[in-house]
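Coordinates in review
As a plain string of letters, each chain reads:
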Amino acid sequence: MSLLELRDVTAGYGAKLVISDVSLTLAAGEIVALLGHNGAGKTTTLKTIMGLLPARSGAVSLMDQDVSSLATPGRIKLGLRLLPEGRGIFPDLSVADNIEAVAAQNCKGGDLFGPAEVYQLLPVLDERRTTIAGTMSGGQQQMLALSLALLGRPHCLMLDEPSIGLAPNLVERMFDQLRSLSRSHGLGTLLVEQNVAAAMRVADRVIIMNSGKIVFSGTPDGARAAGVWHYF
Ligand code: ATP
């Protein structure tokens with residue numbers, strides 16, 4: 001079963017078509033890196049999957065269910081999560097209040113991750129429960145953003161450039177954590193990254209976009225062998 005499948009999806013803004021005929025799949029436990037230069041259409045693809053932008057044609061399925069005409073809240077209920085570029089935390093609230101605010105919305109019982117589980121998984125947040133989120137370091141804020149995306153019962157995580165502003169050792173640590181999360185909980189992760197080297201190290205598969213189209217799909221080793229660097 002695919003957690004996520006796109007078939008020939010076309011989308012854009014107003015009269016402008018930005019992505020065309022995008023097809024991809026994401027399975028449980030898998031990390032797929034979606035790469036390409038600025039403006040290639042990666043964020044537009046994530047927005048279309050999330051239902052924030054309508055697909056003009058083609059189909060989006062979650063857990064083998066066609067969700068093309070389902071609005072964003074319905075997709076979130078099915079376990080789809082987007083960690084947007086620029087974090088999406090409440091900077092004026094404490095860590096605990098951020099987590100409680102989102103848990104109140106997303107946790108309904110029978111959850112994979114409630115507040116207790118995210119504190120256990122990300123001890124850095126447990127130690128900073130009373131800290132105002134906006135005063136923490138970039139890395140800590142990114143961990144908080146990740147914890148908010150996990151609350152409830154996520155199946156499919158989409159992360160838009162989570163490494164921005166983080167020191168290289170923090171990027172490695174966050175990606176290691178992502179990998180063990182994906183493996184241990186069967187999460188599927190679609191990772192949009194400008195940090196191509198780090199993304200290729202953590203990903204099981206790589207998809208490269210150029211001018212709104214998929215130009216490469218395969219393993220990281222396959223991408224290296226194909227010499228795809230001119231796309232970045
Ligand atoms: P980046 O790394 O810069 O975010 P990206 O691959 O995610 O790149 P998109 O953000 O999907 O690219 O943008 C693809 C194209 O769509 C760009 O030409 C951009 O100018 C255009 N675009 C993005 N958002 C909008 C919008 N709200 N209205 C109109 N055009 C947009």
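The chain carries the name ABC transporter ATP-binding protein in an unreviewed UniProt entry, which gives Acidisoma cellulosilyticum as its organism.

**Considerations on the layout of surface pockets**
If you add up the space inside the largest pocket, you get close to 750 Å³. The wall of the largest pocket is formed by 28 residues, among which Ile76, Leu80, Arg81, Val102 and Asn106 lie closest to the centre. Elements supplying a minimum of two residues to the lining of the largest pocket: helix 2 (72–77), strand 6 (80–83), helix 3 (95–106) and helix 6 (138–150). Its residues assigned to classes, the lining of the largest pocket comprises 14 nonpolar, eight polar and six charged.

**Some words on the UniProt feature "domain: ABC transporter" (unreviewed entry) in the chain**
Within this structure's numbering, the places UniProt gives as "domain: ABC transporter" (unreviewed entry) are residues 4–232. Along residues 4–232 one finds 36% helix and 27% strand; the C-alpha atoms at either end are 25 Å apart.

**Digging into the packing of helix 6 against helix 7 (residues 168–185)**
Running from amino to carboxyl end, helix 6 crosses helix 7 at an angle of 15°, the nearest separation of the two axes being 11 Å. It follows that helix 6 is roughly parallel to helix 7 by the angle criterion. Crossing angle aside, the handedness with which helix 6 passes helix 7 is right-handed. For the pair helix 6 and helix 7, the contacting residues are Gly139, Gln142, Met143, Leu146 and Leu150 in the first and Leu170, Met174, Gln177, Leu178 and Leu181 in the second. Along the lines of polarity and charge, the residues of the contact of helix 6 with helix 7 split into seven nonpolar, three polar and no charged.

**Considering the sheet that holds strand 7 (residues 156–160)**
As summarised here, the arrangement of the six strands in space is 6-7-8-3-9-10, forming an open sheet in which the pairing is mixed. Looking at which strands have only one partner, the edges of the open sheet turn out to be strand 6 and strand 10 (213–218). Neighbour-to-neighbour, the strand axes of this sheet turn through a mean angle of 15°, independent of strand direction. As judged from the four bridges shared by strand 3 (residues 31–35) and strand 8 (residues 188–192), these two strands associate in the parallel manner. Following the sheet pairing, Val32 is matched in strand 8 by Leu190.

**Things to note about the site of the ligand**
Taken together, the neighbourhood of the ligand is formed by 14 residues, with Gly39, Gly41, Lys42, Thr43 and Thr44 sitting nearest. Lys42 is positioned with one of its side-chain polar atoms (N or O) 2.8 Å from an oxygen atom of the ligand. When the ligand sits alone it has 630 Å² of accessible area, and the protein chains cover 63% of it. Broken down by secondary-structure element, the contributors of at least two residues to the shell around the ligand are strand 2 (16–27) and helix 1 (42–50). Considering every element that reaches the shell around the ligand, the biggest residue donor is helix 1, with three residues.

**A few points about the pairing of strand 2**
In terms of strand pairing, strand 1 (residues 2–13) meets strand 2 through eight bridges, oriented antiparallel. Bridge pairing in strand 2 places Val9 opposite Val22. Once strand 1 ends, the chain turns through two residues before running back antiparallel as strand 2, passing Gly14 with a positive phi of about 55°.

**A short note on the sheet that holds strand 2**
Pairing in this open sheet of four strands is antiparallel, and the strands run 2-1-4-5 from one edge to the other. Strands with a single pairing partner mark the edges of an open sheet, and in this sheet they are strand 2 and strand 5 (65–66). Across the sheet, helix 1 lies against strand 1, strand 2 and strand 4 (57–62), angled at about 115° from strand 1, the strand it touches most.

**A short note on the side chain of Thr10**
Inspection of the secondary structure puts Thr10 in strand 1. Among the polar contacts listed, one links the side chain of Thr10 to the backbone nitrogen of Asp21, at a separation of 3.4 Å. Apart from the residues lying within four places of it in its own chain, the contact partners of Thr10 are Leu17, Ile19, Ser20, Asp21, Ala55, Arg56 and Ser57.

**Re the pattern of salt bridges**
Under the defined criterion, the tally for this structure stands at seven salt bridges. Across the pair Arg205 and Glu30 runs a salt bridge, and its minimum N-O distance is 2.7 Å. You can see Arg205 sitting in strand 9 (residues 205–210) and its partner Glu30 sitting in the loop between strand 2 and strand 3, a full 175 residues away along the chain. Like Glu30, Arg205 is buried. Note that Arg183 is salt-bridged to Asp204, the shortest N-O span being 3.0 Å. You can see Arg183 sitting in helix 7 and its partner Asp204 sitting in the loop between helix 8 (196–202) and strand 9, a full 21 residues away along the chain.

Criteria and cut-off values
Residues numbered from 1 in each chain as written. Predicted model: local features only at pLDDT ≥ 70, side-chain atom pairs only at ≥ 80, totals over all residues. Heavy atoms only, no water. 1 Å grid on protein atoms, 1.4 Å probe; cavity = no way out; pocket = protein on both sides within 12 Å on 5 of 7 lines; lining within 4 Å. Points joined across faces, edges and corners; volume = space filled by probe spheres on them. Helix = DSSP H or I, 4+ residues; strand = E, 2+ residues; numbered from the N terminus. Nonpolar A, V, L, I, M, F, W, Y, C, P; charged D, E, K, R; others polar. UniProt positions renumbered as here; feature names shortened; annotations may be inferred. Axes fitted to C-alpha atoms, helices over the stretch in contact; angles between N-to-C directions. Parallel < 35°, antiparallel > 145°, perpendicular 65-115°, else oblique. Left-handed = near helix turned anticlockwise from the far one by under 90°. Contact = heavy atoms within 4.5 Å. Pairing = 2+ DSSP bridges. Near = heavy atom within 4 Å. Polar contact = N/O pair within 3.5 Å; in protein donor to acceptor, adjacent residues only side chain to side chain. Areas by Shrake-Rupley, 256 points an atom, 1.4 Å probe, with all protein chains shown as cover. Salt bridge = Lys/Arg side-chain N within 4 Å of Asp/Glu carboxyl O. Buried < 20%, exposed > 50% of the residue type's maximum accessible area, 1.4 Å probe, protein only.

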